[in-house]
Protein chains: 4
Amino acid sequence: MNTFPEALLTGYRDFMSGRYVDQRDRYRQLAEQGQKPHTLVVACCDSRAAPEMIFDAGPGELFVVRNVANMVPPYEPDGQYHSTSAALEFAVQALRVKDIIVMGHGRCGGITAALDPNAEPLSPGDFIGKWMNLVKPAAEQIQGNSEMTSGERQTALERISIRNSIANLRTFPYVKALEEAQKLRIHGAWFDISNGELWLMDPKSQDFLRMDPAA
Amino acid sequence: MNTFPEALLTGYRDFMSGRYVDQRDRYRQLAEQGQKPHTLVVACCDSRAAPEMIFDAGPGELFVVRNVANMVPPYEPDGQYHSTSAALEFAVQALRVKDIIVMGHGRCGGITAALDPNAEPLSPGDFIGKWMNLVKPAAEQIQGNSEMTSGERQTALERISIRNSIANLRTFPYVKALEEAQKLRIHGAWFDISNGELWLMDPKSQDFLRMDPAA
Amino acid sequence: MNTFPEALLTGYRDFMSGRYVDQRDRYRQLAEQGQKPHTLVVACCDSRAAPEMIFDAGPGELFVVRNVANMVPPYEPDGQYHSTSAALEFAVQALRVKDIIVMGHGRCGGITAALDPNAEPLSPGDFIGKWMNLVKPAAEQIQGNSEMTSGERQTALERISIRNSIANLRTFPYVKALEEAQKLRIHGAWFDISNGELWLMDPKSQDFLRMDPAA
Amino acid sequence: MNTFPEALLTGYRDFMSGRYVDQRDRYRQLAEQGQKPHTLVVACCDSRAAPEMIFDAGPGELFVVRNVANMVPPYEPDGQYHSTSAALEFAVQALRVKDIIVMGHGRCGGITAALDPNAEPLSPGDFIGKWMNLVKPAAEQIQGNSEMTSGERQTALERISIRNSIANLRTFPYVKALEEAQKLRIHGAWFDISNGELWLMDPKSQDFLRMDPAA
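Residues numbered from 1 in each chain as written. Chains lettered and ligands numbered in written order. Predicted model: local features only at pLDDT ≥ 70, side-chain atom pairs only at ≥ 80, totals over all residues. Heavy atoms only, no water.

Along chain A, the regular secondary structure elements total nine helices and six strands. For 215 residues, the compact-globule estimate of 2.2 N^0.38 gives 17 Å, and chain A sits close to it at 19 Å. In terms of overall dimensions, chain A has a C-alpha envelope of 55 × 50 × 45 Å along the principal axes. The proportion of buried residues among the 215 residues of chain A is 54%. (Helix = DSSP H or I, 4+ residues; strand = E, 2+ residues; numbered from the N terminus. Rg over C-alpha atoms; globule rule 2.2 N^0.38 Å. Buried < 20%, exposed > 50% of the residue type's maximum accessible area, 1.4 Å probe, protein only.)

On to the relation of the copies chain C and chain B. In the superposition of chain C on chain B (RMSD 0.0 Å, axial shift 0.0 Å), the rotation amounts to 180 degrees. Considering both components of the superposition, the chain copies are consistent with a two-fold axis. (Least-squares fit on C-alpha atoms with pLDDT ≥ 70 in both.)

Residues and elements named next belong to chain A. UniProt records the feature "binding site: Zn(2+)" (unreviewed entry) for Cys44, Asp46, His105 and Cys108 in the present numbering. Taken together, the annotated residues stretch across 65 residues yet fold into one region, lying no more than 8.8 Å apart by C-alpha. Checked against the element boundaries, Cys44 lands in strand E1 (residues 39-44). Filtering out sequence-adjacent residues up to four positions away, Cys44 remains in contact with Ala49, Arg66, Asn67, Val68, Ala69, Asn70, Met103, His105 and Cys108. With respect to the secondary-structure elements, Cys108 resides in the loop between strand E3 (99-105) and helix H5 (109-115). Residue classification places Cys108 among the buried positions, given a relative accessible area of 2%. For Cys108, the contacting residues outside a window of four places in its chain are Cys44, Ala69, Gln154 and Glu158. (UniProt positions renumbered as here; feature names shortened; annotations may be inferred. Contact = heavy atoms within 4.5 Å.)

Residue and element names in this part refer to chain C. One pass over the structure, following the stated rule, counts 53 aromatic pairs over all chains. Pairing Tyr12 with Phe15 gives two aromatic rings, centres 6.4 Å apart and planes at 40 degrees, and the pair type is tilted. Placement of both Tyr12 and Phe15 in helix H1 (residues 6-17) is noted, with a separation of three residues, approximately one turn of the helix. Classification of Tyr12 by relative accessible area gives buried; the value is 1%. (Phe/Tyr/Trp six-rings, centres within 6.5 Å; stacked < 30°, edge-to-face > 60°.)

Grouped together as the largest cluster of nonpolar side chains are 96 residues, with contacts concentrated most on Val68 and Met132 of chain B together with Val68 and Met132 of chain C. With 94 residues, the next largest nonpolar core counts Phe90 of chain B together with Ala69, Leu115 and Ile142 of chain D among its residues. (Core = buried A, V, L, I, M, F, W, Y, C linked by side-chain atoms within 4.5 Å.)

Attention now goes to the interface of chain A and chain B. In this assembly, 96 residues from chain A lie in contact with 97 residues from chain B. For the salt bridge of Glu52 of chain B with Arg66 of chain A, the shortest nitrogen-to-oxygen distance reads 2.6 Å. Looking at which element gives the most residues to the side of chain A that touches chain B, the answer is helix H4 (residues 83-94) of chain A, with nine residues. (Salt bridge = Lys/Arg side-chain N within 4 Å of Asp/Glu carboxyl O.)

Each partner contributes to the interface: chain C provides 23 residues, whereas chain B provides 23 residues. Both sides together, the interface formed by chain C and chain B hides about 1,700 Å², and carbon and sulfur atoms give 41% of it. Interface area lost by chain C to chain B is led by Gln141, Glu147 and Glu152 of chain C, which between them contribute 32%. There are four salt bridges connecting chain C and chain B. Two residues, Glu152 of chain C and Arg163 of chain B, come together in a salt bridge whose shortest N-O distance is 2.6 Å. (Buried area = accessible area lost by both parts, 1.4 Å probe.)

Turning next to helix H4 (residues 83-94) of chain C. All names here are of chain C. Across its twelve residues, H4 extends 15 Å between first and last C-alpha, which sits within 8% of the 16 Å expected from 1.5 Å per residue. Burial analysis of H4 places eleven of its twelve residues in the buried class, which makes it a mostly covered element. The complete set of buried residues in H4 reads Ser83, Thr84, Ser85, Ala86, Ala87, Leu88, Glu89, Phe90, Ala91, Val92 and Gln93. Just downstream of H4, Arg96 is the residue with a positive phi angle, here 55 degrees. (Expected span 1.5 Å × (residues − 1).)

The structure is reproduced here in structure tokens:
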């Protein structure tokens, strides 16, 4: 224990003397009655993109999956370990969430890697390379576009990837069925870490439109 | 956008008028310079177990993977999608984190499912069942113990699973090498959602000992 | 008398010039009127687990049985010497205590011995071995669990043993009858000698929950 | 937990904010290094006769067996449960105590019961009756003595019983051997609960002589 990162222990003490005190009853109730989050958020591991922070959410509100580049793979019931698929299944079938949000963000490292034609594997296993293959076809299209700036290609692929993940969500039979029965809603969102802007995907056009907090 | 969960939009507005204002410069700097989180946290999707909350962490501090039951699978470079392995690779090889924390918690639904001998698959794909197979041998040992209460079996398996995930981390060659070179430290933690207690795994005995915030 | 342990004589002098002076009247009254302790405590002989210390109890409060591993054997009216059963009978039928507490503790030597598959008898009579047979079935279940640490198995068996002793208390017909008539209450407690924590057994779940002295 | 005797919880809080604070390091050390008490005390369950109080002993000092009338049965390796014999074995063979004290006290309820020719069993099992049979021959002798007051008969039998228990200690082969090798010393003591007096048994004459705390 003398090696546990001191900054985190300090943060824990602050939590215990601050927010936890305010929410002590809520934590106890959530422990006794179980969690009933209404929303599943698929977010990125990125240290700047925590949904609880961005949506000012407290305990019990959001069931959160976080992986590199906030992606949902297509439905593949082949018996392998599928952590994102397992989390989706648990959220939808056990916890019966009403909403799923796929939330991407700007400056996403996974997307940057996918766009880099010279990217070397980070290890012989090349897990990142294989994982980012989920977005490879789209990456190859965008990579070739010399008229867009690298920033524009980055943002474009981040949003394309959100749409791909949403399409992949719909390859899960129970997701599709529940959405069609209007018991489940799917949303896309994109957070600009540089200025705090939140962009929401319009369900009809699939464009991302800035949400004005003042409105 | 009129379908995006209103509670989250309200939360976002609170974020933008509250914490974001305090940290605006930090977000901008993190966007321009990139993230340099020092710690990777493997946590559970559970809505009561967000590391940012528990460690009172701000943007840029923690690179967070969240899956059901905060598990790390063993190293399997077989070309499949491995989201947790990809996140681990990115954190260690690209971001060069110094610490990895596997953080479990009490009342974990995945662990409860693993201990339930009558558990039915949640879908034909049974993703949760397959995912929880990562902890199946240990679950079977504990399940048979009739002298322990169900609460004791639950807590025991939550902690055993953390130890298993830590062992799995060490099956990744670069993790093992970096740890031996003392450039990477691995920690186990367990958060009691009912009373806010944080228990840290002693590296020698592997027992979980309560961290006293007042000490 | 020149052989009586000097440390104890010093302690006795301190007692007589300290606490005894404060409580002189109480001792006299207790001698004249007899003892009326309200609580029977079954505790361990262990030098770190004295109930008077842990509960800051003065003379007249606690009727205390202490044996190895604070165990209560099942009701066996076979005419043999049964010191714990005799003490229980005296406490309940003669002194009419209202509460019985079975109090275990961490690092209990008897429990450690019960968990040691290689334990040799301490003497040809093997009294400890026979005595610890009271908890043998549970010990064998726990011993086999290779996923738990030795510390976890120790704590688990300490608590299982408390529950077993409580069940054995209820095999005494008058204990059972008085409890059902709500004239006697039975409690389980476990004291962590390493940090002073006191854990109380929840009557419903039979889990041990930490008692927060600050609450 | 809401039924646990409140007086004891209050006492525990006092302990934790008082004596425990002073001795925190000692408790931690005793937990890590194990207990090494030098003395076994056989004392009575009586709420007025706690050795820790009388000898002002702290954690780690005394290994304490408490039963009704502080008796040691003779050595009987017959495979039955023998809690006092087990505790003796553990103290002498495992903990290697250097001193054994059999400590009786005035107004002992067990002795009073043994002297009562009209005593009815407290239950069909009559555990107290059977237990006090350890001192029955001596009780019968004293009972017949009409010249002594009941108080004198009581005190006489309390002291006879201490001598009997000491003789029974010597029926344990390893006790006898260690005493003869001068590695173990046996002592008798008698505490007068009415006035705090401590009387120590002279090893030669076996008389009990008052220990003067001022000397």
